[in-house]
Amino acid sequence: MSGSMKKNVLLNYFFIFGMIVNLFVPVIPLQGIYFYPVYFFSLVVFILWFYKSSVSEEPFIISKKIYYPSIIIFFMSCSFFFPILTFNTNIYLDYFVYELVLYLIMVPFFLMFNHLIINEKQINTVVLFSFGIFIIVGILQWIAFEKAITLYAFEDHVEPALAGSRLVITGSDPNVGSIICSFFVLYSLSSFIIRKSFFYFLIMLIAIALLFKTQGRTTIIGNGLVIFIYLLFFVKIKTLYRI
């Protein structure tokens with residue numbers, strides 16, 4: 001493998017890792033401010049994108065996939081300003097800016113899409129690596145290993161996690177943890193159906209077990225609905241069963 005190809009492969013892994021790093025790496029508190037690991041990856045990806053765009057002879061192109069974060073930001077803005085304009089509620093601008101940043105930091109990844117050729121194997125490798133950390137943390141929290149809980153959980157959620165009532169897994173609170181669980185549930189489900197591999201079925205069962213330990217009821221119901229719809233429309237079953 002040539003040097004340039006190695007660099008491209010490393011960049012691909014860096015890119016994928018940065019996209020999902022918040023799923024398994026804890027938030028870092030710095031003088032009262034919570035620093036998400038994705039901030040660093042987003043900044044590096046933006047610098048690389050800016051450099052590649054400036055030296056490339058190709059026309060300046062932005063990936064169409066950027067409409068994903070754009071739609072999220074639009075609806076988030078609507079949900080923020082609607083009650084202010086209609087019900088004259090108080091303005092919490094700092095909270096809005098904080099939420100806005102959480103979505104804007106994903107924009108560099110969408111800008112970079114056109115400069116990378118990422119294959120399924122690379123994505124799967126990073127996801128399985130992240131799942132390895134996820135399951136280790138989940139098991140340690142399940143047996144009430146305190147450090148595994150305090151490393152991830154915000155202060156208000158440490159005691160319930162230690163008591164075993166609501167685990168946070170690799171999230172900052174049980175609700176965030178349940179959403180992270182749902183990512184692995186749905187990824188392993190689709191991988192199991194596509195690859196017909198028992199390994200992914202086992203991963204799905206583990207992720208479901210940890211999902212129930214978070215007691216994120218809305219996420220559990222949502223996962224059940226999504227799995228039902230997925231099986232109904234995307235899996236080859238008889239039309240009679242669909243009806």
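Anyway, here's the lowdown on the structure attached to this text. Every value quoted in this text rests on a predicted model; they were computed, and no experiment measured them.

**Overview of helix H2 (residues 38-55)**
With 18 residues, H2 should cover 26 Å at 1.5 Å per step; its first-to-last C-alpha distance of 26 Å lies within 8% of that length. Every buried residue belonging to H2 is among Val38, Tyr39, Phe41, Ser42, Val45, Trp49 and Ser53, and all of these are buried. All buried residues of H2 project into a common sector of 155° when viewed along the axis, lining one side. Every exposed residue of H2 that faces more than 90 degrees away from the buried side is listed here: Leu43, Phe50, Tyr51, Ser54 and Val55.

**Digging into the side chain of Ser77**
Mapping Ser77 onto the fold places it in helix H3 (residues 67-87). Separated by 2.8 Å, the side chain of Ser77 and the backbone oxygen of Ile73 make a polar contact.

**What about the pattern of salt bridges?**
Within this structure, the stated rule accounts for 1 salt bridge. A salt bridge links Glu120 to Arg195; the nearest nitrogen and oxygen atoms lie 2.8 Å apart. Of this pair, Glu120 sits in helix H6 (residues 120-142) while Arg195 sits in helix H9 (residues 174-195), and the two are 75 residues apart along the sequence.

**Let's talk about the packing of H3 against helix H4 (residues 93-104)**
Helices that pack against each other are described as a pair by the angle of their axes relative to one another and the distance between those axes. Between H3 and H4, whose axes approach to 10 Å, the crossing angle comes to 170°. The angle between the axes of H3 and H4 places the two elements in the roughly antiparallel class. In this structure, H3 uses Ile72, Ile73, Met76, Ser77, Phe80 and Phe81 to contact H4, whose residues at the interface are Leu93, Phe96, Glu99, Leu100, Tyr103 and Leu104. Taken together, the residues of the contact of H3 with H4 sort by class into 10 nonpolar, 1 polar and 1 charged.

**Here we look at the packing of aromatic side chains**
Enumeration over the complete set of coordinates arrives at 24 aromatic pairs. Here Phe14 and Phe41 contribute two aromatic rings whose centre-to-centre distance is 4.8 Å and whose plane-to-plane angle is 40°, an arrangement assigned as tilted. With Phe14 in helix H1 (residues 3-20) and Phe41 in helix H2, this residue pair connects regions lying 27 residues apart in the sequence. Assessed through its relative accessible area of 22%, Phe14 is described here as partly exposed. Each residue in the set Phe14, Phe17, Phe24, Phe40, Phe41 and Phe129 is aromatic and connected to the rest through ring pairs, giving one cluster.

**Side note on the packing of H6 against H9**
In the contact formed by H6 and H9, the axes pass within 12 Å of each other and the chain directions differ by 135°. With respect to H9, the axis of H6 lies oblique. H6 and H9 meet at a crossing whose hand is left-handed. Contacts from Glu120, Ile123, Asn124, Val127, Ser130, Phe131 and Phe134 in H6 reach Ile180, Cys181, Phe183, Phe184, Tyr187 and Arg195 in H9. Classifying every residue of the contact of H6 with H9 gives 9 nonpolar, 2 polar and 2 charged.

**Comments concerning a nonpolar patch on the surface**
The grouping of Tyr67, Tyr68, Ile71, Phe74 and Phe75 at the surface amounts to a nonpolar patch, some 550 Å² of accessible area in total. Structurally, Phe74 can be placed in helix H3. Overall, Phe74 belongs to the partly exposed group, its relative accessible area being 49%.

**Remarks on the nonpolar core**
Ile20, Phe131, Phe134, Ile169, Cys181 and Phe184 are the most contacted members of the largest nonpolar core, which totals 27 residues. Those elements that provide at least two residues to this core are H1, H6, H9, helix H10 (198-214) and helix H11 (217-234). In terms of residue count, the dominant contributor to this core is H9 (7 residues). Non-local contacts of Cys181, meaning those with residues more than four positions away in its chain, are made with Phe134, Ile169, Ala207, Leu210, Leu211 and Thr214. Among the nonpolar cores identified, the runner-up in size contains 19 residues, and Val21, Val45, Leu111 and Met112 belong to it.

Definitions and cut-offs
- Residues numbered from 1 in each chain as written.
- Predicted model: local features only at pLDDT ≥ 70, side-chain atom pairs only at ≥ 80, totals over all residues.
- Heavy atoms only, no water.
- Helix = DSSP H or I, 4+ residues; strand = E, 2+ residues; numbered from the N terminus.
- Expected span 1.5 Å × (residues − 1).
- Buried < 20%, exposed > 50% of the residue type's maximum accessible area, 1.4 Å probe, protein only.
- Arc of directions from axis to C-beta.
- Polar contact = N/O pair within 3.5 Å; in protein donor to acceptor, adjacent residues only side chain to side chain.
- Salt bridge = Lys/Arg side-chain N within 4 Å of Asp/Glu carboxyl O.
- Axes fitted to C-alpha atoms, helices over the stretch in contact; angles between N-to-C directions.
- Parallel < 35°, antiparallel > 145°, perpendicular 65-115°, else oblique.
- Contact = heavy atoms within 4.5 Å.
- Nonpolar A, V, L, I, M, F, W, Y, C, P; charged D, E, K, R; others polar.
- Phe/Tyr/Trp six-rings, centres within 6.5 Å; stacked < 30°, edge-to-face > 60°.
- Left-handed = near helix turned anticlockwise from the far one by under 90°.
- Patch = residues over 30% accessible without salt bridge, like charges linked within 9 Å, V, L, I, M, F, W, Y side chains within 5 Å.
- Areas by Shrake-Rupley, 256 points an atom, 1.4 Å probe, with all protein chains shown as cover.
- Core = buried A, V, L, I, M, F, W, Y, C linked by side-chain atoms within 4.5 Å.

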